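As a plain string of letters, each chain reads:
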Amino acid sequence: MSTKHEKILQYIESLPVGDKISVRQIAKEMQVSEGTAYRAIKEAENRRLVSSIERVGTIRIEKKKKENIERLTFAEIVNIVDGQVLGGKSGLHKTLTKFVIGAMQLEDMMRYTDAGSLLIVGNRIKAHENALRAGAAVLITGGFDTTEDNKLLADSLDLPIISTSYDTFTVATMINRAIYDQLIKKDILFIEDIYVPMTDTAALKNDETIHHFHKLNERTTHGAFPVVTHQNKLVGMITVKDVIGREENELIEKVMTKNPIAGSMKMSVASAGHRMIWEGIDLLPIVDDDNILQGVISRQDVLKALQLAQRQPQHGETIDDLVKNEMKVLGDEELIVEFKVTPQMTNQYGAISYGAFTTLLAEVGSFALKRRKRGDAVAENMTIYFIKPVQMESTLTVKPRILDMSRKFVKMDFEVYNQQILVGKAMMMFQLLER
């Protein structure tokens, strides 16, 4: 059973690419309140089904596959550069394949400009026209306008002409940054990437009995199941431990764990794993906004996915990647890590930022545990009780020391040196991820 919200999203997805939509139109079409329609349109924007542009409206855009996430639509470009659409509004839903910076002679410029390109250029009227005729859209920098003829040409070819007040260099930087951010997002694993849908797994109804649990357990060999109502709403979880010593005809509702912890599709696999370990659960039910069960993930799925992700080549670099790249392991007996402070890791005073410093310690700690064959771990808390400013381009030496280790927790102490001078001391607690 789909909710109103889901039905609106399915309706938006079924619309032809390029269609304009509005809150009022959706409310009327789907017979819902304007508030419900507005929320669904916002969600469609998050899912990259539509793009809202000032003075133009909301447009259904091409849904990009995860592999092609680095390709932007012209509608997204308008929002990135705070642009104004001068013509060719009906082509805003299209995806661009590359962008060309028009800082050369006209004929040279046209050699690089082909269908699907975006030409970024200043007030060169002839270049605007030639680009449109070659099947490319145009982004005019410096806040300049173009001729009425070019605007009409853009309208007839469904190719946008966009104007922005930023200069060419800033625009190219902004677009590059947007693509880079999307690449980072693409590399983060979400529950939707690894979950097992309900069609491939099993659940129990709340009015069924322990007898049904045993039958399902025999058939699937699973030790835990989500419990749902007849409307498929999640109401509990039941495991083998819950049914020990219980009568066959007892209702599942009586023995299940009520209000179980659940995850959502947009939750990252890393945070789901942390939650499962922290709460000591092996199976996490996945629900939508209305608590309707969508599927499940197991602790095994999470560990497998995280190990696989570590082996993937990264495209966009996060602060964690930058820190890892600068780490060099020294010492065989005693672990010592050398680390170079790059300009990207500094604060406004040119000294290493707290973010980079804590990331460095967490990474060194994880590495020290892997060396001790203790597998993966999650940093639980950290206390920095001494830190001196460290200038960029400095080379730091980090010495981790395990103070205490149990089956589940590790307490570790760190000393950070800059040319034999102590510049930082910290303590960290890690929780070990059980296999």
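Rules used in this analysis
Residue positions are given per chain, counted from 1 along the sequence in the order it is written. With the structure being a predicted model, the display of local features is reserved for residues of pLDDT at least 70 and the display and counting of side-chain atom pairs for 80 or more, all residues being used for whole-chain, interface and lining totals. Note that the side-chain values use all heavy atoms of the structure and ignore hydrogens as well as water. UniProt positions are given in the numbering used here, feature names are shortened, and annotations may be inferred rather than shown by experiment. Secondary structure is summarised from DSSP: a helix means a run of H or I of at least four residues, a strand means a run of E of at least two, and numbering begins at the N terminus for each. By definition, a salt bridge exists where a carboxyl oxygen of Asp or Glu is found within 4 Å of a side-chain nitrogen of Lys or Arg. Only protein chains enter the calculation, and the probe is 1.4 Å; a residue is then buried if its accessible area is under 20% of its type maximum, exposed if over 50%, and partly exposed in between. You can read pLDDT as the predictor saying how much it trusts each residue, on a scale of 0 to 100. Whether two residues touch is decided by their heavy atoms; if any such pair falls within 4.5 Å, the residues are in contact. In this charge count, Lys and Arg are treated as positive and Asp and Glu as negative; neither His nor the chain ends contribute.

A.B. asks: Before we move on, can you summarise the UniProt feature "domain: CBS" (unreviewed entry) in the protein chain with the specific residues and values?
C.D. replies: When the UniProt feature table is mapped onto this chain numbering, "domain: CBS" (unreviewed entry) sits at residues 197-254 and 256-318. Annotation note: span residues 197-254, helix share 31%, strand share 24%, distance between end C-alpha atoms 26 Å.

A.B. asks: Can you break down the pattern of salt bridges residue by residue, with the values?
C.D. replies: Under the counting rule described, the total for this entry stands at 15 salt bridges. One salt bridge connects Lys151 with Glu148, and the closest N-O pair in it is separated by 3.4 Å. Separated by 3 residues within a single helix, Lys151 and Glu148 lie in helix α7 (residues 148-157), roughly one turn from each other. Judged by relative accessible area, Lys151 falls into the buried class, the value being 13%. Put simply, Arg299 and Asp282 hold a salt bridge, and the shortest N to O gap is 3.2 Å. With Arg299 in helix α14 (residues 299-311) and Asp282 in the loop between α13 (269-279) and β14 (283-287), the pair connects residues that are 17 residues apart, well separated along the chain. A residue is classified by how much of its surface remains accessible, and Arg299, at 10% relative accessible area, is buried. Linked through salt bridges whose partners overlap, the residues forming this network are Lys126, Glu129 and Arg133.

A.B. asks: Break down the confidence of the model for the protein chain for me, citing the residues and quoting the values.
C.D. replies: Averaged over all residues, the pLDDT of the protein chain is 85; the fraction at 70 or higher stands at 91%. At the low end of the mean pLDDT range in the protein chain sits α14, at 71; at the high end sits strand β8 (residues 161-163), at 95. A low-confidence stretch, residues 311-315 stays under pLDDT 50, and its non-local contacts, those more than four residues away or across chains, total 7 contacts.

A.B. asks: Can you lay out the side chain of Glu363 for me, pointing to particular residues and giving the numbers?
C.D. replies: Looking at the secondary structure, you find Glu363 in helix α16 (residues 354-371). Buried charge Glu363 goes without a salt bridge, the closest partner of opposite sign being Lys324 at 4.1 Å. Excluding anything up to four places from it in sequence, Glu363 contacts Asp320, Val323, Lys324 and Met327.

A.B. asks: Account for helix α1 (residues 4-14), with residues named and values stated.
C.D. replies: All of the buried residues in α1 are His5, Glu6, Ile8, Leu9, Tyr11 and Ile12. Of the surrounding secondary structure, the elements contacted by the buried residues of α1 are β1 (20-21), α2 (23-30), α3 (34-46), β2 (50-53), β3 (57-60) and β15 (293-298).

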